[in-house]
Amino acid sequence: MTTTSAESTGAPTPERSRRLQLSEVSWPELASTIGLVVMAIVFAVLNPGYLSEGNVSAMLQASAILIVLTIGQTFVIATGGIDLSVASTMTLGAVVLGEFYAAGWNLWAAALAGFVAAAVVGVVNGLLISKGGITDFIVTLGTLSAASGLALIVADGQKNTIVEPVLIRMSVDGIWVFSWSVLIALALAVVAHVVLFHSRFGLHVLAIGGSEESSRAVGIRTWKVKTGVYLISGALAGVGALLLIARVGASEPAANTSFLLNSVAAVVLGGVSLFGGRATIVGPVVGALLLTALVNGLTRVGLSEFYQPLTVGIVVVLAAFITRYQK
Amino acid sequence: MTNQTPAPVGGSGSAAVTDMLTVRGIKKTFGRVNALREASMSLPRGQVTAIVGDNGAGKSTLVKCIVGVHAPDEGEVLLDGERVHFTNPQQARDAGIETVFQDLALVEDLTVAENLFLGREPTRGAGPLRLLNRRRMRSEALDMVSALAINVPRVNARVRRLSGGQRQAVSLARAAGFSSKLIVLDEPTAALGVQETARVEELILDLKQRGVTILLISHNFEQVLRLSDQVQVMRAGRTVAQRRTSATDGQELVGLVTGAIIDPATAEAEVADAHEEETLA
Ligand SMILES: Nc1ncnc2c1ncn2[C@@H]1O[C@H](COP(=O)(O)OP(=O)(O)O)[C@@H](O)[C@H]1O
Ligand SMILES: [Mg+2]
């Protein structure tokens, strides 16, 4: 990196400014991509079937839900917040969907009900944090518990089996190695990228993460933006609920804790600062792919399932350490 | 540049000079800290009013009460003769008051262009599909910044990578770049070198030329005497004296700031303050 680039005077020519931008490429943001490639090569050497079309498709399919949750988590973390309730919110959404479906509703109407329930949890998070002035950590820890509790109550501890051809097709059909679930997740990532970098809302998200006080001083209604990111996170958990049911074939009030941990881990792996202010969508999405591919690789080389959480933990802490060291 | 219409300059001399801004009896406490005991002043239209005072005298707090960052406990603010009550800085900006805060700086991780337009970004498209017009932001940002800095920062550079002078240039460009009636500058040259300070002073005079009313907070008495038309002195949370710049000098200002000279108009209140401090101690 050159330190002189910011000092240039006069109007830069187009080529010159492009070259200068290259010097500003942020390595933490690239680390997850490099890590994914290196890891894929290592596992491919250890296990020739790792990069087979079938396994790649399976890994992508397995990452779809995590990608969707990670996008929401990225928006929240970009403002300097955190959403510990994403996984429980998804569970609640799935259970609400299941209950309405069992009551005879059409699948899409039931899915909409689940989506709305999840979005409402997001709005509650957002308002308690931005208007109520309670710390994000505490609020979402509370809704983590409240949403799973509600899911238990609504489902009465039972699971609802949901058999719909369209849901099976979401996981099985698709384009090349991409199932429809994966394509939905990637389409949401593209939309999220546009929102984060090409809308006023996205710019305000990053501004608040950088300095909430300064953002307020230029007149940004910070409470609206903060409520907005938790709403996004809740709504995406609602989309995750549908993908979860498509994958499991049933709605059940399970805890799904690993989705919470992995969504935060993917954001960290994606080089996003936990203090907010700097974020990309591509980084965390690659982070989510990396985590899924890591677990898949470990399984394929025959490492006991018990070692997987430990390995994931080490990789995440290592990534956070590298990010810090880079600064 | 965006709506850069010079405000009308009141015909020199003929019409009575009306005040752009008047504050009366503003008080503000933070818990037990009496940051503003009583502040009252008027800013004549199209003139530069300077506020001088020691560290902790309440200058920044007064500014924040005027532009809606803080809600004053008591008192009123009149803009252009009309009572205003800003509950957030956006309202003050919409009413034509731009502020360069002393401690609320730029957002470091955003670019120069993004900072310049933060809160009023140009967009293209319609409805929910409205997107930032980044091209326009960049080109207008370049105009805004190059109009004043010696060392023009790249508009795509993140503020984190700029020097102190460049950052202040960006803050000033932001305040000056939008049509405004009143620009408030809280110690704009405190962190700057000689050359950069001179450039900022030129800009202030340039803004005045365009008819903008300016409230300048400064520690530098020479600068105050060079730039201002009127000086307001603050001491220990009070506005204690007002002088026309042409009728005062550095020595008197130092005396008023330190309390060596007590203006008869506020003597009584200050004796009461001193009394209160003693009883608290
Ligand atoms: N947000 C705040 N909370 C508590 N005390 C404050 C706050 N802002 C200012 N003060 C206090 O108010 C007094 C006046 O501060 P300030 O207005 O910043 O003075 P100046 O700008 O004249 O140096 C100081 O004692 C300062 O510590
Ligand atoms: Mg101050």
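Since the model is a prediction, treat every value here as computed from it, not as a measurement.

J.: Please clarify how the overall build of chain B should be interpreted in this entry.
T.: Scanning chain B from terminus to terminus reveals nine helices and twelve strands. Relative to the globule expectation of 19 Å for 281 residues, the C-alpha radius of gyration of chain B, 20 Å, shows essentially globular dimensions. Each principal axis of the C-alpha distribution contributes one length, and for chain B these read about 60 × 40 × 40 Å. In chain B, buried positions account for 53% of the 281 residues. At a minimum sequence separation of 6, the contacts of chain B that also span at least 24 residues come to 66%. With an accessible surface of roughly 12500 Å², chain B has 50% of that area assigned to carbon and sulfur atoms. Charged side chains in chain B number 32 positive and 34 negative. The centres of these two groups are separated by 9 Å.

J.: Which parts of the structure should I look at to understand helix H12 (residues 257–269) of chain A?
T.: Since the α-helix packs 3.6 residues into each turn, any two residues three or four apart lie on the same face. Residue and element names in this part refer to chain A. An ideal rise of 1.5 Å per residue puts 18 Å on 13 residues; H12 measures up with 18 Å between its terminal C-alpha atoms. Turning to H12, its buried residues number three or more, namely Phe 259, Leu 260, Ser 263, Val 264, Ala 265, Ala 266, Val 267, Val 268 and Leu 269. The first or second residue beyond H12 is Gly 271, which carries a positive phi of 80°.

J.: Before we go on, may I ask you to explain the side chain of Lys59(B) in this structure?
T.: Summarising the element assignment, Lys59(B) is placed in helix H1 (residues 59–66). Non-local contacts of Lys59(B), meaning those with residues more than four positions away in its chain, are made with Ile51(B), Val52(B), Gly53(B), Asp54(B), Glu187(B), Ile217(B), His219(B) and Met234(B).

J.: Sorry if this is basic, but what is going on with the packing of helix H3 (residues 53–78) of chain A against helix H13 (residues 282–300) of chain A here?
T.: Two numbers describe a pair of packed helices, the interaxial angle and the distance between the axes. Residues and elements named next belong to chain A. In the contact formed by H3 and H13, the axes pass within 8 Å of each other and the chain directions differ by 140°. Between H3 and H13, the interaxial angle falls into the category oblique. In the packing of H3 onto H13, the handedness of the crossing is right-handed. Taking contact as the criterion, the partners of Asn 55, Met 59, Leu 60, Ala 62, Ser 63, Leu 66, Ile 67, Thr 70, Ile 71 and Thr 74 in H3 are, on H13, Pro 284, Val 285, Ala 288, Leu 289, Leu 291, Thr 292, Ala 293, Asn 296 and Arg 300. Of the residues in the contact of H3 with H13, the class split is twelve nonpolar, six polar and one charged.

J.: Please clarify how the pairing of strand S4 (residues 74–79) of chain B should be interpreted in this entry.
T.: Two faces belong to every sheet, and in a regular strand the side chains alternate between them. Residue and element names in this part refer to chain B. Direction of pairing for strand S1 (residues 19–30) relative to S4: antiparallel, over a ladder of five bridges. Within S4, the residue paired with Thr 22 across the bridge is Leu 78. The pairing of S4 with strand S5 (residues 82–84) spans three bridges and is classified as antiparallel. Note on S5: the bridge partner recorded for Leu 79 is Glu 82. Between S4 and S5, which pair antiparallel one after the other, the connecting turn spans two residues, and Asp 80 there sits at a positive phi close to 55°.

J.: Please explain the site of ligand 1 as it appears in this structure.
T.: All names here are of chain B. If you check the shell around ligand 1, you find Phe 30, Val 33, Ala 35, Asp 54, Asn 55, Gly 56, Ala 57, Gly 58, Lys 59, Ser 60 and Thr 61 and nothing else. Here Gly 56 contributes a backbone N or O atom positioned 2.7 Å from an oxygen atom of ligand 1. One of the backbone nitrogen or oxygen atoms of Gly 58 is found 3.0 Å away from an oxygen atom of ligand 1. Where the shell around ligand 1 is concerned, the elements lending two or more residues are strand S2 (33–44) and H1. It is H1 that provides the largest number of residues to the shell around ligand 1, a total of three residues. Tallied by class, the residues present in the shell around ligand 1 amount to four nonpolar, five polar and two charged.

J.: Just to check I follow, could you spell out the confidence of the model for chain B for this structure?
T.: Do not read the predicted coordinates in detail wherever pLDDT is low. Residues and elements named next belong to chain B. With 91% of its residues at a pLDDT of 70 or more, chain B has an overall mean of 85. Across residues 1–17, where pLDDT falls below 50, the model places 22 contacts with residues more than four positions away in sequence or in other chains. Quick note on the complex model: pTM equals 0.84, ipTM equals 0.83.

J.: Honestly, empty space enclosed by the protein in this entry has me stumped. Any pointers?
T.: Think of a ball as big as a water molecule: rolled over the atoms, this probe shows where empty space is left. Here the structure, examined in full by the defined rule, presents three cavities of 30 Å³ or more. Taken as a whole, the largest cavity holds about 170 Å³ of empty space. The set of elements that each furnish at least two residues to the lining of the largest cavity consists of helix H10 (212–217) of chain A together with helix H2 (89–94), strand S6 (97–100) and helix H5 (164–176) of chain B. Here the lining of the largest cavity gets four residues from one element, more than from any other, and that element is S6(B). Looking at the lining of the largest cavity residue by residue, the classes come out as ten nonpolar, three polar and three charged.

J.: Even after reading the chapter, I still don't get the packing of aromatic side chains, so can you show me in this structure?
T.: Given two aromatic rings, their pairing is described by the distance between the two centres and the angle made by the two planes. All names here are of chain A. Using the criterion set out here, one finds three aromatic pairs over all chains in the structure. Geometrically, the ring pair formed by Phe 43 and Tyr 50 is tilted, given 5.2 Å between the ring centres and 45° between the ring planes. One exposure class covers both Phe 43 and Tyr 50, and it is buried. Lying across the ring of Trp 223, Lys 131 places its NZ or CZ 4.2 Å from the centre.

J.: Explain the pairing of S1(B) here, please?
T.: All names here are of chain B. Inspection of the sheet shows S1 paired to S2 by eight bridges, in the antiparallel sense. Note that in S2 the partner of Phe 30 across the bridge is Val 33. Between S1 and the antiparallel strand that follows it, S2, lie two residues; Gly 31 among them carries a positive phi value of about 60°.

J.: Would you mind showing me how to read a nonpolar patch on the surface here?
T.: Residues and elements named next belong to chain A. Together, Leu 30, Ile 34, Val 38, Val 42, Leu 46, Val 301, Leu 303, Phe 306, Tyr 307, Leu 310 and Ile 314 line one region of the surface with nonpolar side chains, adding up to about 1100 Å² of accessible area. At the level of secondary structure, the elements contributing two or more residues to the nonpolar patch comprise helix H2 (27–46) and helix H14 (307–326). Broken down by element, the residue count for the nonpolar patch peaks at five residues, all from H2. Along the chain, the position of Val 301 falls in the loop between H13 and H14.

J.: I keep staring at the environment of Thr29(B) and nothing clicks. Help me out?
T.: Residues and elements named next belong to chain B. Tracing the chain through its elements places Thr 29 in strand S1. Along the sequence, Thr 29 and Arg 174 sit 145 residues apart, while their C-alpha atoms lie 30 Å from each other. Apart from residues lying up to four places away in sequence, Thr 29 is in contact with Asn 34, Ala 35 and Asp 73.

J.: What is the right way to read unusual backbone geometry from this model?
T.: Leaving glycine out, the prevailing phi sign among residues is negative, and the prevailing peptide bond configuration is trans. A positive phi angle, close to 55°, is found at Asp80(B), a residue other than glycine. With respect to the secondary-structure elements, Asp80(B) resides in the loop between S4 and S5.

Parameters and conventions
Residues numbered from 1 in each chain as written. Chains lettered and ligands numbered in written order. Predicted model: local features only at pLDDT ≥ 70, side-chain atom pairs only at ≥ 80, totals over all residues. Heavy atoms only, no water. Helix = DSSP H or I, 4+ residues; strand = E, 2+ residues; numbered from the N terminus. Rg over C-alpha atoms; globule rule 2.2 N^0.38 Å. Buried < 20%, exposed > 50% of the residue type's maximum accessible area, 1.4 Å probe, protein only. Contact = heavy atoms within 4.5 Å. Areas by Shrake-Rupley, 256 points an atom, 1.4 Å probe, with all protein chains shown as cover. Lys, Arg positive; Asp, Glu negative; His and termini not counted. Charge placed at Lys NZ, Arg CZ, Asp CG, Glu CD. Expected span 1.5 Å × (residues − 1). Axes fitted to C-alpha atoms, helices over the stretch in contact; angles between N-to-C directions. Parallel < 35°, antiparallel > 145°, perpendicular 65-115°, else oblique. Left-handed = near helix turned anticlockwise from the far one by under 90°. Nonpolar A, V, L, I, M, F, W, Y, C, P; charged D, E, K, R; others polar. Pairing = 2+ DSSP bridges. Near = heavy atom within 4 Å. Polar contact = N/O pair within 3.5 Å; in protein donor to acceptor, adjacent residues only side chain to side chain. pLDDT = per-residue confidence, 0-100. 1 Å grid on protein atoms, 1.4 Å probe; cavity = no way out; pocket = protein on both sides within 12 Å on 5 of 7 lines; lining within 4 Å. Points joined across faces, edges and corners; volume = space filled by probe spheres on them. Phe/Tyr/Trp six-rings, centres within 6.5 Å; stacked < 30°, edge-to-face > 60°. Lys NZ or Arg CZ within 6 Å of the ring centre and 35° of its normal. Patch = residues over 30% accessible without salt bridge, like charges linked within 9 Å, V, L, I, M, F, W, Y side chains within 5 Å. Salt bridge = Lys/Arg side-chain N within 4 Å of Asp/Glu carboxyl O.

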